[in-house]
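So you can see what is in the structure, the chains are spelled out below.
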Amino acid sequence: MLKLKTYQENALAVLTQFLQACRSVAVADAFQAELATQNRSNEHYHTVFGEVPCVCLRIPTGGGKTLLAAHSVALAGKAVLDSDAPLALWLTPSDTIRSQTLEALSNARHPYRQALAQYFGDRVQVCDLESLQTISPHDVGKACIVVVATIQSFNVTDTAKRNVYSFFEELAPHFDNLPANLSAGLEKVTEADVSNQPYLTEKDIGRTKYSVANWLHLHQPIVIVDEAHNNRTDRFFQTLGRLNPSCVVELTATPVAGNNVLYHVSAQELKSEQMIKLPIVLAEHPEGWRECLRDAILQRNSLELIAQKEADYIRPIVLVQAAPRGNEATVDVVRQHLIEQENILENQIAVATGEQKELSGINLFDPACPIRYVITVEALKEGWDCSFAYVLASLQSVNSAKDVEQLLGRVLRMPYAKTRQQPELNKAYAHIVAENFAQAASNLKDRMVQNMGFERFEASMVIVPEQKTLSLVGGEKATLPVIPDCHIEVPKMLDTQHWPDEIKAAVQIMPTTLGATILLKGDVDADTLAQAETFISHALPEKSRVAVKEQFDAHRAMRRALRAPEQLGLSFAPIPQLCLNLDGYLEVVEKETLSSLGDWDLLSRPMQLAGFAITETINSFEIDVNNEKIKYRHLDAQQLKLNDVTSHVSEQDLVRWLDKEVRKPYLSQTQLQNYLVKMVSYLLRERVGFSLTALVRARFQLAQAIVREVERLRQLAMEQGFQGRLLEMSVPSLDQTGHYSFQFQAGVYPARQCYQGSYEFSKHFYPVIHDLREKTAAGQSAEEFICAQAFDAHPKIKQWVRNIERQVKFSFWLPTSTDYFYPDFVAELDDGRVLAVEYKGEPYKTNDDSREKNQVGHQWEKSSGGHCLFLMAVAKDEQGRDVRQQIAEKIGKP
């Protein structure tokens with residue numbers, strides 16, 4: 001079974017928290033609260049189905065959104081329906097994707113089906129609309145049922161035109177003994193139905209229609225919408241409304257207006273988790289398609305030689321995008337050119353077009369497969385994936401090439417989802433017919449933003465020019481980062497007579513049919529670039545300035561991508577972590593270490609479950625968890641006072657169910673089961689007002705409450721272990737640091753909400769900077785930005801990193817009594833020392849959290865023998881020193 005990546009776990013956690021919150025507060029409020037935890041503002045929830053949650057997970061191409069969808073079925077079922085046997089309607093954008101999804105979910109060996117089995121075991125039934133008759137009424141509520149269909153099957157104004165709305169007598173058992181209040185919202189047989197279906201008579205008019213749509217409506221399906229950006233019409237919403245969804249989970253790489261984006265995964269997160277190849281090394285070919293194809297072949301040949309050094313088998317493949325009929329570089333011409341001019345063997349070439357399907361039945365991962373070139377014209381078939389695709393050669397003009405972004409997405413996937421040992425194999429390569437790099441990059445960037453789920457600044461940063469190998473003194477070879485010229489498109493010729501001479505000398509203005517192109521040399525210094533932007537912007541009307549800024553920002557992003565220390569092959573010094581000597585062995589202080597030191601034993605604590613209550617009134621059944629009331633409306637009078645009815649589920653059955661729900665990796669199953677036996681007994685025999693029936697009905701909320709109680713007890717043990725051993729924690733000696741340290745690795749930096757300002761940082765280890773804003777909402781310089789500038793400007797700081805919070809695998813952390821503490825900035829000094837800085841704004845600098853972090857940081861520094869430095873920085877300290885002065889004082893004079 002595929003293990004979820006960190007960003008996938010985070011996305012599902014956010015979805016679960018949001019759906020649970022929707023049970024106790026308004027959907028829009030739950031949405032805003034979740035966005036606030038992500039530092040997102042000015043995004044509003046678009047109400048679609050009243051209080052039915054409808055949100056979107058934004059996952060870039062190659063991020064595994066279908067796997068996330070499979071996991072979300074179970075999580076949504078628990079959070080929204082309190083069901084461990086939900087009904088899900090899985091909507092796909094096309095019949096091809098429907099068939100592939102149906103096959104994958106039905107195959108016990110496929111990761112998508114295994115994701116379902118993780119929650120439901122063998123209690124899973126997957127079908128399409130045609131095989132729905134295989135589902136019996138007894139399956140409903142006993143097994144997870146996933147119905148896979150195309151959106152088009154339901155999406156219609158006139159329901160008489162779709163079979164899903166038609167009367168089917170075979171569905172009658174599903175509607176037997178239906179209470180009147182449940183049938184009230186279902187579609188009834190009409191005169192149109194009678195005229196269209198010969199076995200219906202006028203006597204049937206007004207009776208409940210035995211239709212697929214009504215069956216779905218009856219069971220409030222969880223609706224999964226694949227490629228959700230394709231469906232934002234009123235008709236689509238009306239269609240979904242007929243099905244009475246319990247929640248709607250949309251997945252797409254490219255959301256549009258109206259998609260309530262609950263969580264967005266960045267391209268850097270995909271790269272850090274070894275899912276995709278980045279950067280994209282782009283080579284432009286103004287000479288034409290033959291030269292483009294030639295260099296793509298040479299690129300592939302070079303990669304194949306490099307791939308032989310890998311432990312895993314990799315055979316790099318070129319995807320060749322030929323031109324449509326009526327152009328020069330058609331499929332037949334390209335194929336003949338490969339064979340006759342480039343001496344490529346025929347069996348190494350496959351054509352994949354609408355007419356020629358030479359890839360059908362071929363396993364491209366088979367070492368015996370000879371195929372190294374795949375020629376296509378437009379998009380390859382939906383769902384086609386081969387991570388051996390490394391090189392894209394688009395022989396169409398970059399301005400007119402259709403589906404080039406789809407083909408580019410094919411070369412981004414990482415073989416075996418694992419970073420390769422050879423750095424060249426961690427990149428993707430694109431050869432494009434274009435006049436210059438700026439033209440080629442601009443076009444690709446637009447496609448990546450519009451169709452692949454990249455943010456604009458991400459696309460600017462991940463497209464880098466091909467670097468030439470130059471000879472240095474002594475015959476050594478080195479790849480130097482040559483910065484391409486900066487091309488700025490403006491809507492008119494500019495008057496430069498009043499510009500300073502140094503700016504006039506730095507720019508070249510060339511007229512075009514649409515206005516002008518301004519050219520600046522790629523290696524122009526940052527100050528001149530900034531001044532040029534100012535003069536160009538002021539010479540243009542207000543509406544044109546945004547586009548100019550975007551072009552300058554894109555050029556700066558590409559410069560950072562090429563000049564960052566990581567990209568130059570430099571490494572970051574190991575950063576020692578706090579350790580404890582336990583029984584003669586050093587051990588990094590982790591959560592498990594602290595909880596074990598604090599005598600972590602569930603059974604030794606007195607039983608309690610604070611904040612959990614169940615109340616049944618005349619009209620509702622209400623569960624109170626930590627003062628958040630989750631209310632259920634009774635469906636009919638027969639459900640009143642059900643808590644007094646004897647349950648068919650035993651205490652042992654409830655304990656076994658809770659064991660699966662509450663299980664944690666840090667708890668032994670024996671200890672947990674014994675604890676659950678005691679907890680259930682305590683609730684039934686010592687707490688007033690609980691019956692076994694009530695606990696069974698509220699079992700999902702009961703499980704959540706127990707998880708909170710277990711975590712509370714664990715936190716108590718951690719605090720006890722932390723406070724008792726803090727002064728014993730120390731940094732290991734330098735000769736032991738390698739085993740007990742963290743090190744920032746090249747290509748592993750899952751940044752989100754990245755810095756997009758005009759100031760050019762030169763020492764940040766990675767090309768992107770996580771969650772850093774140049775200005776506050778009031779337009780003033782942000783405090784953490786000032787701190788970052790101070791880092792970048794200090795002469796003794798060699799390189800630094802904006803540390804990412806809550807990324808245990810990818811960031812430096814120190815232990816606290818409750819969790820891990822991630823200092824905001826970590827720097828390597830030129831003398832080998834390391835510096836960690838936590839910045840605190842005025843309201844937070846003296847609270848308990850800050851005091852504990854300061855205490856831990858100073859213990860880390862004090863025990864390091866001068867190798868580690870820690871600073872809790874503030875805007876102005878007690879001596880009146882600003883951030884720059886505080887950093888300078890901590891580092892010491894040069």
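Residues numbered from 1 in each chain as written. Predicted model: local features only at pLDDT ≥ 70, side-chain atom pairs only at ≥ 80, totals over all residues. Heavy atoms only, no water.

*Asks:* I'm lost on the overall build of the protein in this one. Help?
*Replies:* Counting secondary structure elements, the protein contains 26 helices and 32 strands. For the protein, the spread of C-alpha atoms along the principal axes amounts to about 90 × 75 × 60 Å. Looking at the 894 residues of the protein, the share that counts as buried comes to 54%. Of the contacts made within the protein by residues no fewer than 6 positions apart, 71% connect residues no fewer than 24 positions apart. Just so you have it, the protein exposes about 40100 Å², and 49% of that area is on carbon and sulfur atoms. (Helix = DSSP H or I, 4+ residues; strand = E, 2+ residues; numbered from the N terminus. Buried < 20%, exposed > 50% of the residue type's maximum accessible area, 1.4 Å probe, protein only. Contact = heavy atoms within 4.5 Å. Areas by Shrake-Rupley, 256 points an atom, 1.4 Å probe, with all protein chains shown as cover.)

*Asks:* Would you explain the pattern of salt bridges in this entry?
*Replies:* Where side chains of opposite charge bring their charged atoms close, a pairing between them can arise. The tally for this structure, following the rule as stated, stands at 47 salt bridges. The partner of lysine 78 in a salt bridge is glutamate 661, and the shortest N-O contact between them spans 3.1 Å. Here lysine 78 is found in helix α3 (residues 65-81), whereas its partner glutamate 661 is found in helix α20 (residues 651-662), with 583 residues between them in sequence. Of the charged contacts in the structure, one is a salt bridge between glutamate 269 and arginine 752, with a shortest N-O distance of 3.1 Å. Taken as a pair, glutamate 269 in helix α10 (residues 267-272) and arginine 752 in the loop between β26 (741-742) and α24 (783-793) lie far apart in primary sequence, 483 residues in all. The exposure class assigned to arginine 752 is buried, which follows from its relative accessible area of 15%. (Salt bridge = Lys/Arg side-chain N within 4 Å of Asp/Glu carboxyl O.)

*Asks:* Which parts of the structure should I look at to understand the sheet that holds strand β11 (residues 373-376)?
*Replies:* Sheets are built from strands that pair by backbone hydrogen bonding, the pairs being arranged parallel or antiparallel. Strand order across the open sheet formed by seven strands is β10-β11-β9-β12-β13-β8-β14, with parallel pairing between neighbours. At either margin of the open sheet sits one strand with a lone partner, and together these are β10 (349-351) and β14 (463-465). Averaged over all pairs of adjacent strands, the angle between their axes in this sheet comes to 25 degrees, without regard to strand direction. Two elements, strand β9 (residues 317-321) and β11, share four bridges in a ladder whose sense is parallel. Of the residues in β11, the one forming a bridge with valine 318 is tyrosine 373. (Pairing = 2+ DSSP bridges. Axes fitted to C-alpha atoms, helices over the stretch in contact; angles between N-to-C directions.)

*Asks:* Just to check I follow, could you spell out the nonpolar core for this structure?
*Replies:* A general feature of soluble globular proteins is that nonpolar side chains tend to end up buried together. Counting 198 residues, the largest nonpolar core has Phe154, Val334, Phe744 and Trp860 as its most contacted members. Of the residues forming this core, the biggest block, 10 residues, is contributed by α3. For phenylalanine 744, the residues in contact, after removing those within four places along its chain, are Phe572, Ile575, Phe765, Tyr766, Val801, Asn803, Phe810, Ser811, Phe812 and Val826. If you look at the next biggest cluster of nonpolar residues, it comprises 34 residues, including Tyr682, Leu683, Ala698 and Ala717. (Core = buried A, V, L, I, M, F, W, Y, C linked by side-chain atoms within 4.5 Å.)

*Asks:* So what exactly am I meant to see when it comes to the packing of aromatic side chains here?
*Replies:* Taken as a whole and assessed by the stated rule, the structure comprises 31 aromatic pairs. Measuring from centroid to centroid gives 4.3 Å for tyrosine 749 and tyrosine 766, while their planes differ by 10 degrees, and the two rings are stacked. Taken together, the residues span a long stretch of sequence, with tyrosine 749 in the loop between β26 and α24 and tyrosine 766 in the loop between β26 and α24 at a distance of 17 residues. Judged on exposure class, the residue tyrosine 749 and its partner tyrosine 766 are both buried. Geometrically, the ring pair formed by phenylalanine 765 and tyrosine 766 is edge-to-face, given 4.9 Å between the ring centres and 80 degrees between the ring planes. (Phe/Tyr/Trp six-rings, centres within 6.5 Å; stacked < 30°, edge-to-face > 60°.)

*Asks:* Looking at this structure, how should I read helix α1 (residues 6-21)?
*Replies:* Since the α-helix turns once every 3.6 residues, residues separated by three or four places project in the same direction. Its 16 residues give α1 an end-to-end C-alpha distance of 22 Å, which sits within 8% of 22 Å, the value for a rise of 1.5 Å per residue. When we look at burial in α1, the residues that qualify are Thr6, Tyr7, Gln8, Ala11, Leu12, Val14, Leu15, Thr16, Phe18 and Leu19. (Expected span 1.5 Å × (residues − 1).)

*Asks:* Just checking my understanding: could you explain the sheet that holds strand β18 (residues 507-512) for this structure?
*Replies:* In spatial order, the strands read β17-β19-β18; together these three strands make up an open sheet with antiparallel pairing. Since the sheet does not close on itself, it has two edges, and those belong to β17 (486-490) and β18, each with one partner. Taken pair by pair, the neighbouring strands of this sheet meet at an average axis angle of 25 degrees, ignoring direction. Of the pairings in the sheet, the one linking β18 to strand β19 (residues 515-520) comprises six bridges and is antiparallel in character. Across the sheet, glutamine 508 pairs through a bridge with leucine 519, a residue of β19. In this fold helix α18 (residues 542-563) packs onto β17 and β19, with an angle of close to 170 degrees to the strand it touches most, β17.

*Asks:* Teacher, can you tell me more about the pairing of β19 here?
*Replies:* Buried residues dominate β19, accounting for six of its six residues. Here β18 folds back onto β19, and the loop between the two strands holds two residues.

*Asks:* Which parts of the structure should I look at to understand the packing of α1 against helix α2 (residues 27-37)?
*Replies:* In the contact formed by α1 and α2, the axes pass within 9 Å of each other and the chain directions differ by 145 degrees. Along this stretch, α1 crosses α2, giving a crossing that reads as right-handed. Here Val14, Gln17, Phe18 and Ala21 of α1 lie close against α2, whose contacting residues are Val27, Ala30, Phe31 and Glu34. Split into classes, the residues belonging to the contact of α1 with α2 amount to six nonpolar, one polar and one charged. (Left-handed = near helix turned anticlockwise from the far one by under 90°. Nonpolar A, V, L, I, M, F, W, Y, C, P; charged D, E, K, R; others polar.)

*Asks:* Hey, could you run me through the environment of valine 73 in this one?
*Replies:* Here valine 73 lies in helix α3. Under the relative-accessibility criterion, valine 73 is labelled buried at 0%. Between the C-alpha atom of valine 73 and that of asparagine 260, which follows or precedes it by 187 residues, the distance is 18 Å. In this structure, valine 73 is in contact with Pro86, Ala88, Trp90, Leu116, Cys144, Ile222 and Ile224, ignoring residues within four places of it in sequence.

*Asks:* Where do I start with the environment of valine 649 in this structure?
*Replies:* Inspection of the secondary structure puts valine 649 in the loop between β25 (628-633) and α20. Accessibility expressed as a relative area gives 31% for valine 649, which makes it partly exposed. Along the chain, valine 649 and leucine 412 lie 237 residues apart, while their C-alpha atoms are 51 Å from each other. Ignoring any residue separated from it by four or fewer positions in sequence, one finds valine 649 in contact with Leu654, Leu692 and Val696.

*Asks:* Just to check I follow, could you spell out the side chain of glutamine 268 for this structure?
*Replies:* Within the secondary structure, glutamine 268 sits in helix α10. Judged by its relative accessible area of 12%, glutamine 268 falls in the buried class. Once you skip the residues sitting within four places of it in the chain, glutamine 268 turns out to touch Glu458, Val462, Tyr749, Pro750, Ala751 and Val768.

*Asks:* Sorry, what's going on with unusual backbone geometry here?
*Replies:* Note: most residues except glycine have negative phi, and most peptide bonds are trans. Cis geometry is found at the peptide bond from leucine 278 to proline 279, where omega equals 0 degrees. Residue tyrosine 416 is not a glycine yet carries a positive backbone phi of 60 degrees. Take tyrosine 416: it is sitting in the loop between α13 (404-410) and β13 (428-433).

*Asks:* What's the story with the side chain of histidine 867 in this structure? I'm lost.
*Replies:* Looking at the element boundaries, histidine 867 is found in the loop between α25 (848-862) and β32 (868-873). Residue classification places histidine 867 among the buried positions, given a relative accessible area of 16%. Apart from the residues within four sequence positions on either side, histidine 867 is in contact with Pro576, Leu734, Gly832, Arg833 and Val834.

*Asks:* When you look at the packing of helix α21 (residues 669-685) against helix α23 (residues 699-725) in this model, what are you seeing that I'm missing?
*Replies:* Each pair of packed helices can be described by the angle between their axes along with the distance between the axes. At a minimum axis distance of 12 Å, the contact between α21 and α23 shows a crossing angle of 120 degrees. By the angle between their axes, α21 is oblique relative to α23. Helix-helix and strand crossings are classified by hand; for α21 and α23 the assignment is right-handed. Packed against α21, whose contacting residues are Tyr675, Leu676, Met679 and Leu683, the element α23 presents Leu702, Ile706, Glu709, Val710 and Leu713 at the interface. Tallied by class, the residues present in the contact of α21 with α23 amount to eight nonpolar, no polar and one charged. (Parallel < 35°, antiparallel > 145°, perpendicular 65-115°, else oblique.)

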